Amino acid sequence: MFYCMRYKNYIAGKWVTPSSGKYFDSFNPHNKKSLGKFPKSNDADVRAAIDAAEKSYPLWKDMPAPKRGEILFRVADLLRKNKERLARIMTMEMGKVLNEARGDVQEAIDVAEYMAGEGRRLFGHTTPSELKDKSCMTIRVPIGIVGVITPWNFPIAIPMWKLMPALVCGNTVVFKPSSDTPLCAVALVKILEKAGVPKGAVNLVAGEGREVGDVLLNDHRVRAISFTGHRDTGKYLLAHAGIKRIGLELGGKNPIIVMDDADLTLAVDGILWGGYGTTGQRCTACSRVIVHKKVKKKLERMLLQRIKKLRLGNGLQRKTDVGPLVNQMAVEKSTKY
């Protein structure tokens, strides 16, 4: 249903072709089939998105926060109604098994509902004054335009972690998704559009990370950037951000520690989920097991028995335990490890 379609950027409330006229394919990692062609955006596209966010900002920030929250509640409702469709798109585009994809969308629903409620909880503070004719108070004000750069491994949940707080607080957004999951981003933005997010409040620009990211980083109108991804990219953002506010969620190297008095069955469950969930493609994935020497052999035996029973394959099939790695580069990287 997606094959051979040519998708567009979403700027100022319109779906527009990239000014470069160039596109890239997003592939299903299970069968290597293209899911469609997506804009290979350049500087002009990103600046147009920033222009749109700047134009929309006064209207959006002046909308009362509870009203912004009402729109976010509609987002949550539409996500719930489209949960299965979004989960299937996600599995097709990045490979995780369908049950995990459903959990990814559910997390997005939960975040949308929670942040919608913040529309009535954007409290300031009052402080006792030392002068009888003075009062002291604080109020919350939006930052401005926020650049949102997201990864492919949680392509619905993580964008929502970033988009929903930014929007409910009155900021406008330029959203750059991973080039491995642009179809998920298009599906998500269509839901925001349908929910009534005003034109220009959210703008979607697909393309290569450095080309899009550098424009967001260097344009003074973008006041904050939220990024999830590789540590080296995070270091680059920090080094070049100037006075921008930067939020980073980067990679990890995470152990599971098993002591000699542990419930080994429970430990094996945790190791399997931590190491093989999302095919191990998570910043929170378990990449090492540190085990007490008294239980090492027993744990190893139990773990290998379970690992050998894991079934690899198409994430859309119910019998599959572990879906494919997201692309050939990931396969080569895992083989190198």
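Shown above is the structure to which this text applies.
These remarks concern the structure in this document.

The rules behind the values
Residues numbered from 1 in each chain as written. Predicted model: local features only at pLDDT ≥ 70, side-chain atom pairs only at ≥ 80, totals over all residues. Heavy atoms only, no water. Helix = DSSP H or I, 4+ residues; strand = E, 2+ residues; numbered from the N terminus. Rg over C-alpha atoms; globule rule 2.2 N^0.38 Å. Contact = heavy atoms within 4.5 Å. Areas by Shrake-Rupley, 256 points an atom, 1.4 Å probe, with all protein chains shown as cover. Buried < 20%, exposed > 50% of the residue type's maximum accessible area, 1.4 Å probe, protein only. Pairing = 2+ DSSP bridges. Right-handed = clockwise from strand over helix to strand, strands pointing away. Phe/Tyr/Trp six-rings, centres within 6.5 Å; stacked < 30°, edge-to-face > 60°. Lys NZ or Arg CZ within 6 Å of the ring centre and 35° of its normal. Salt bridge = Lys/Arg side-chain N within 4 Å of Asp/Glu carboxyl O.

## So, the overall build of the protein chain
- The secondary structure content of the protein chain amounts to 11 helices and 13 strands.
- Expected size for 337 residues packed as a compact globule is a radius of gyration near 20 Å; at 22 Å, the protein chain falls within 12% of this value.
- Projecting the C-alpha coordinates of the protein chain onto the three principal axes gives extents of approximately 70 × 60 × 40 Å.
- Here the analysis covers contacts within the protein chain between residues at least 6 apart in sequence; of these, 73% occur between residues at least 24 apart.
- A total accessible area of about 17,800 Å² is found for the protein chain, and carbon and sulfur atoms account for 55% of it.

## Here's the deal with the pairing of strand E7 (residues 145–149)
- Counting buried residues along E7, 5 of its 5 residues qualify, which places the element largely inside the surrounding structure.
- In E7, alternate side chains face the same way, and those of Ile 145, Gly 147 and Ile 149 on one face and Val 146 and Val 148 on the other are all buried.
- One ladder, built from 5 bridges, connects E7 with strand E8 (residues 172–176); its direction is parallel. Bridged to Gly 147 within E8 is Val 174.
- With helix H5 (residues 157–168) bridging E7 and the parallel E8, this β-α-β connection has right-handed handedness.
- Two strands pair when backbone bridges link them, and E7 and strand E10 (residues 222–228) are joined in this way by 5 bridges, in the parallel orientation. Considered in E10, the bridge of Val 148 is made with Ser 226.

## Topic: the pairing of strand E3 (residues 23–27)
- The alternating pattern of E3 places Phe 24 and Ser 26 on a buried face, while none of Tyr 23, Asp 25 and Phe 27, on the opposite face, is buried.
- Bridge count for E3 against strand E4 (residues 34–39) is 4 bridges, and the pairing is antiparallel. Among the inter-strand pairings, Asp 25 is bridged to a residue of E4, identified as Lys 37.
- In sequence, E3 turns back onto E4 through a hairpin of 6 residues, with Lys 32 there showing a positive phi of about 65°.

## Points about the packing of aromatic side chains
- Scanning the entire structure with this criterion turns up 3 aromatic pairs.
- Measuring from ring centre to ring centre gives 4.7 Å for Tyr 7 and Phe 38, while their planes differ by 0°; the resulting arrangement is stacked. Of this pair, Tyr 7 sits in the segment before strand E1 (9–11) while Phe 38 sits in strand E4; the two residues are 31 residues apart in sequence, bridging distant segments of the chain. There is no split in this pair, since Tyr 7 and Phe 38 are both buried.
- Aromatic pair Tyr 10 and Trp 15: ring centres 4.7 Å apart, planes at 45°, arrangement tilted.
- Assessed through its relative accessible area of 5%, Tyr 10 is described here as buried.
- By relative accessible area, which is 25% here, Trp 15 ends up partly exposed.
- Taken together, Tyr 7, Phe 24 and Phe 38 form an aromatic cluster joined through their ring pairs.
- Stacked on the ring of Phe 154, the Lys or Arg Lys 96 has its end atom at 3.9 Å from the ring centre.
- The lysine or arginine in question, Lys 190, covers the ring of Trp 15, its NZ or CZ lying 5.8 Å from the ring centre.

## Considerations on the pattern of salt bridges
- Counting across every chain of the model gives 19 salt bridges.
- The shortest N-O distance in the salt bridge between Asp 25 and Lys 37 comes to 3.1 Å. Linking Asp 25 in strand E3 with Lys 37 in strand E4, this pair joins segments that are 12 residues apart in sequence.
- For Asp 25, a relative accessible area of 27% gives the class partly exposed.
- Looking at Lys 37, the relative accessible area reads 30%, which means it is partly exposed.
- Arg 210 is paired through a salt bridge with Asp 214; the nearest N and O atoms lie 3.1 Å apart. Taken as a pair, Arg 210 and Asp 214 lie in helix H7 (residues 209–218) at a separation of 4 residues, close to a single helical turn.
- It is possible to trace a salt-bridge network through shared partners that takes in Asp 51, Glu 54, Asp 219 and Arg 221.

## Side note on unusual backbone geometry
- In the Ramachandran plot, Lys 32 falls in the positive-phi region, its phi being about 65° despite a non-glycine side chain.
- Its place among the elements puts Lys 32 in the loop between E3 and E4.
- For Thr 279, which is not glycine, the phi dihedral falls at a positive 55°.
- Looking at the secondary structure, you find Thr 279 in the loop between helix H9 (264–276) and strand E13 (286–291).

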